[in-house]
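A structural walkthrough
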Amino acid sequence: MTEMNLNGEFELYLLDGSERTEIMRVKVPCNLEIELLKKEGVDVHAENNVYSAQKFEGNDYLFRKVFRAEACAEAYFEFERVDIYAEYYLNGVKIGESDNALIEHKIPAGKALKDGENVLEVVLHSARNYAYREEFEPNHWACLPENFETLYMRKPAHSSGWDIMPRTMLGGIVGNVTLVYPDEVYFNDVYLGQKYADKNRVELHFFYDYHAPADSYGKYRVKISMKCGDSVHEEIFNDDFKANTHFVSFDNPVLWYPNGVGKQNLYDVTVSVLEGDVIKAEKRFRYGIRSIRLDRTQIGGENGKFDFIINGHKVKLTGANWIPLSVFHSEDDALLEQTVKSAAEIGCNVLRVWGGGVYEKDRFYELCDEYGILVWQDFMLSCHVYPQDKRFSEMMEKEAISVIKRLHNHCSIALYCGGNEMDWSWRYADIDPNKDVLTRKLFPEVILRFDPYREYIACTPEYTPGFIKEYGIGFIHSMDEVVSSRTYLPDDHFWWHRRDFREVEKAKHNFISESGFSSAPNKENIVKYLGEDFAPVSMDNPLWKSRCFATEGSFTSGTELLFGEVPYDTDEFILATQVYQGEAYKKYIEFARLNDKCGGMIIWVLKDSWFEYGSGVIDAAGGKKLACKYMKAAQSPVQIMIDDDGEVFLANNTTEKYDCEYQLKNDADEVVSEGRVEATPFSLQRIGKVKNAGIGVISRLIYGEGAAKKTVYNHKILCGFPCDRKKYTEFIRKAGILD
């Protein structure tokens, strides 16, 4: 296979019927909001300029590129992401169209591709205008009025405006563009599924399907090779036909474990089509052998479960929700590597890819495989009652097949989820969400066809038939009754804490896959986006109009809770918001780790997509907030944790046994407890209780041997709220939170 990268300079035209007016030259991938405002000398990221881009929403645009190539009837263009309604022309001949911004599109070049100079044109139609062609139905419902127009659109749900992101409807050619010359023989699909896996034996479901001329029957063999260190397995299959399924097994595989739990052993896999000893086609990828089972009940609470069993062990999952790295998806690649690395460094063993964004690119999942970060993969549906008609179902089936075939060999995929919070909307309308044909019928059927061993849940949170039978359909409108009606959901989005993160102690859920607390971004990045005169950091400041997302409802409620005051000085206010966020996330993660009935905690979110007062522990510019340090301490695989009553626990979320040495000091640097203790694998044990701690306790834990010896710190506030801000600041400085 030969590929020609067509990224780079394109001519951009405004279309008005048959008339075209050249505007400028742009570099693809690109978002039209960025480029069109740049033409006017305006930075879309700065101040509130993003709103100015809405004036372009009713226009159609044309991207044009001249390139040289060789004629080939089998060649095709691969468009990674085009947002959204596009027609494709090559040398004046229409060669295809697309209507999904979330998946890649292969557009055949055919006989239109010539030797020498060629002209590629992509017409991008107004998404807003397209929406006016749709006929909607009474059972369609959007959680925000401005989202209704996008119910039939397969573009990121946040595009029409979300509580955490501004409206960005223009789109563009936001992914890579490649001209592909395929070989005579190439793979359509290769799949390795795990029937069974433990340290003694693995049984794999091996499927392949390759493209070859019809007269090649009986001509080729298929070989699979797998190698990870000293573990090696090879088999050759003398199949006459181009596709087949085999069950491959071998002894003593090396297993893959999540981050912090064990090693991330990955096999180098090569699947080849051979003619004699000549390789006619080849596919290479890295593959982790592990077993993952979701052990859950339909009703939560004391007798409920939502536990991930990995290689036979119940593993606590803690991590963050992953939303798009930017509201402008042509920018997503820039911070990808560093952001996933940061997630691993602060101890995350799970990331949930949120259903209001995009399916991430291959490199994201490769990095998760390498770092040991499990992926909870939503399908890209969020918060609405989506169309149930045949046409929309066919669009979703095509999308799901494309996504699953691309992802199904990644060991990091823990489960597929039908989407984000749609069941809430169904219940709000007093309709049983188990009637949703997309999440209850279509997705499970596609998964059965293309990734049959993977776990699936219909929605997060999910209102299962058992839950509906017990608690009914209706979504009560009083907030107190809303909370009460959801008390026994096994997995929930715990958004009812708002102003006091200690409310998590009342949660009876067995897993929390969303809960967030907001803080100000880092000051140097605020200056970058808003200028030196950005103060005050306030919802009342017009400069923060498009930056005003606060989980708690205001920018000040968190500091009022923690300190009983709001600092007047801007630098001190930013610091106060960030330590409040850090304490909240640490509390939530430790609540999950100390609670045997809670299988995990996924905070909202890892990184903000838009520069704002937001819930990310990394701001939109890539700056790490202080909450990263709090999370790193709370997510250390082996760690001392102290509950609100001063009870001291030692947690070990690993496969190893450790001899540990610990010491606890109060805020006066007095030792209040110390000792040695053994931490057995996957254990939680009480090791004491502290009193007379002052503001709180700082713990030091040493575990491991030789070069693998580690020292980790943690802290716990025990003085109650509000606490003295200056004393607290000095306390966390001693704890290593502040440099």
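Scroll up to find the structure this text is about.
Residues numbered from 1 in each chain as written. Predicted model: local features only at pLDDT ≥ 70, side-chain atom pairs only at ≥ 80, totals over all residues. Heavy atoms only, no water.

**Overview of the sheet that holds strand E21 (residues 306-310)**
Going by this rule: When DSSP finds two or more bridges between a pair of strands, those strands are recorded as paired. Segments assigned H or I by DSSP are reported as helices when at least four residues long, segments assigned E as strands when at least two residues long, and all are numbered from the N terminus. Note on geometry: axes are C-alpha line fits, over the in-contact stretch for helices, and angles between N-to-C directions span 0 to 180 degrees.
Spatially, the three strands line up as an open sheet ordered E20-E21-E22, and their pairing is antiparallel. Since the sheet does not close on itself, it has two edges, and those belong to strand E20 (292-296) and strand E22 (313-315), each with one partner. With strand direction ignored, the average angle separating the axes of adjacent strands in the sheet is 40 degrees. Where E20 lies against E21, five bridges are found, and the strand directions are antiparallel. Its bridge partner being in E21, Ile292 is matched across the sheet by Ile310.

**Observations concerning the side chain of His233**
For the record, the criterion: Think of it in three bands: with a 1.4 Å probe and only protein chains considered, a residue is buried below 20% of the maximum accessible area for its type, exposed above 50%, and partly exposed in between.
Along the polypeptide, His233 turns up in strand E16 (residues 231-237). On the basis of relative accessibility, which here comes to 13%, the residue His233 falls in the buried class.

**A short note on the environment of Val385**
With respect to the helices and strands, the residue Val385 is situated in the loop between strand E25 (374-378) and helix H5 (390-407). For Val385 and Asn139, which are 246 residues apart along the polypeptide, the C-alpha to C-alpha distance reads 7.1 Å.

**A look at the pairing of strand E10 (residues 116-124)**
Of all nine residues that make up E10, eight are buried, and the element is covered over most of its length. Where strand E4 (residues 60-69) lies against E10, nine bridges are found, and the strand directions are antiparallel. Considered in E10, the bridge of Phe63 is made with Val122. As paired elements, strand E7 (residues 86-90) and E10 share five bridges and run antiparallel to each other. Within E10, the residue paired with Tyr88 across the bridge is Val122.

**Some remarks on empty space enclosed by the protein**
For clarity, the cut-off: A 1.4 Å probe that fits but cannot get out identifies a cavity on a 1 Å grid over protein atoms alone, an open set with protein on both sides within 12 Å along at least five of seven lines counts as a pocket, and a residue lines either if it has an atom within 4 Å of a point. Grid points are joined across faces, edges and corners, and a volume is the space filled by probe spheres set on the points. Each residue is assigned to one of three groups, with Ala, Val, Leu, Ile, Met, Phe, Trp, Tyr, Cys and Pro labelled nonpolar, Asp, Glu, Lys and Arg labelled charged, and all others, Gly among them, labelled polar.
Counted by the stated rule, this structure contains six cavities of 30 Å³ or more. If you add up the space inside the largest cavity, you get close to 90 Å³. Lining the largest cavity are 14 residues; nearest its centre among them are His125, Ser126, Ala127, Met169 and Leu170. Residues belonging to the lining of the largest cavity are distributed by class as follows: seven nonpolar, three polar and four charged.

**Description of the packing of aromatic side chains**
The description of an aromatic ring pair rests on the distance of the ring centres and on the angle between the ring planes. For clarity, the cut-off: Any two rings among Phe, Tyr and Trp, with Trp reduced to its six-membered ring, count as a pair given centres within 6.5 Å; such a pair is stacked if its planes are under 30 degrees apart, edge-to-face if over 60, and tilted if neither.
Overall, the coordinates contain 44 aromatic pairs when judged by the stated rule. A centroid spacing of 6.4 Å and a plane angle of 85 degrees characterise the contact between Phe187 and Tyr210, whose relative ring orientation is edge-to-face. With Phe187 in strand E13 (residues 186-197) and Tyr210 in strand E14 (residues 201-211), this pair connects stretches of sequence that are 23 residues apart. The residues Phe187 and Tyr210 share a single accessibility class, namely buried. Between Phe206 and Tyr208, the aromatic rings sit 5.7 Å apart at their centres with planes inclined by 45 degrees, giving tilted as the arrangement. Across the pair, exposure class does not vary: Phe206 and Tyr208 are buried alike.

**As for unusual backbone geometry**
Look at the link from Ala535 to Pro536: it is a cis peptide, with omega at 0 degrees. Relative to the elements of secondary structure, Pro536 occurs in the loop between helix H10 (523-530) and helix H11 (557-563). Cis geometry is found at the peptide bond from Trp604 to Val605, where omega equals 0 degrees. Summarising the element assignment, Val605 is placed in the loop between strand E30 (600-603) and helix H13 (627-634). One non-glycine residue, Asn311, lies in positive phi territory at about 50 degrees. Tracing the chain through its elements places Asn311 in the loop between E21 and E22. For Phe682, which is not glycine, the phi torsion reads 50 degrees and is therefore positive. For Phe682, the position within the fold is in the loop between strand E34 (671-679) and strand E35 (683-689).

**Some details on the sheet that holds E35**
Using the following cut-off: Should any heavy atoms of two residues lie within 4.5 Å, those residues are considered in contact.
Strand order in the open sheet formed by three strands is E31-E32-E35, with antiparallel pairing between adjacent strands. Every interior strand has two partners, whereas the edge strands, strand E31 (638-642) and E35, have only one. Direction aside, neighbouring strands of the sheet carry axes that sit 25 degrees apart on average. Each of E31, strand E32 (647-652) and E35 touches helix H12 (residues 570-594); the most contacted strand, E31, lies at about 100 degrees to it.

**Comments concerning the packing of H5 against helix H7 (residues 437-450)**
Basically, it comes down to this: We call a crossing left-handed when the near helix sits turned anticlockwise from the far one by less than a right angle, and right-handed when that turn is clockwise.
Relative to each other, H5 and H7 sit at 40 degrees, their axes nearing to 10 Å. The interaxial crossing formed by H5 with H7 has right-handed handedness. For the pair H5 and H7, the contacting residues are Phe392, Ser393, Met396, Glu397, Ala400, Ile401, Ile404 and Lys405 in the first and Val437, Leu438, Leu442, Phe443, Val446, Ile447, Arg449 and Phe450 in the second. Taken together, the residues of the contact of H5 with H7 sort by class into twelve nonpolar, one polar and three charged.

**A look at helix H4 (residues 362-371)**
Among the residues of H4, those classed as buried are Phe364, Tyr365, Leu367, Cys368 and Asp369. The elements touched by buried residues of H4 are strand E23 (317-322), helix H3 (336-345), strand E24 (350-353), E25, H5 and strand E26 (413-417). Looking at the residues trailing H4, positive phi occurs at Gly372, about 80 degrees.

**Some details on the layout of surface pockets**
By volume, the largest pocket amounts to about 1700 Å³. Taken together, 43 residues line the largest pocket, and the ones lying closest to its centre are Glu104, Lys106, Lys283, Asp362 and Arg406. Listed by contribution, the elements that provide at least two residues to the lining of the largest pocket are strand E5 (76-79), strand E9 (105-108), strand E12 (177-181), E13, strand E19 (278-287), H4 and H5. The biggest single contributor to the lining of the largest pocket is E19, with six residues. Here the second largest pocket is characterised by a volume of approximately 1300 Å³. The wall of the second largest pocket is formed by 50 residues, among which Ser636, Pro637, Tyr658, Tyr703 and Lys710 lie closest to the centre. Looking at the lining of the second largest pocket, the elements that each hand over two or more residues are H3, H13, strand E33 (658-666), E34, strand E36 (696-703) and strand E37 (710-717). A per-element tally of the lining of the second largest pocket places E37 first, with six residues. Looking at the lining of the second largest pocket, its residues break down into 16 nonpolar, 18 polar and 16 charged.

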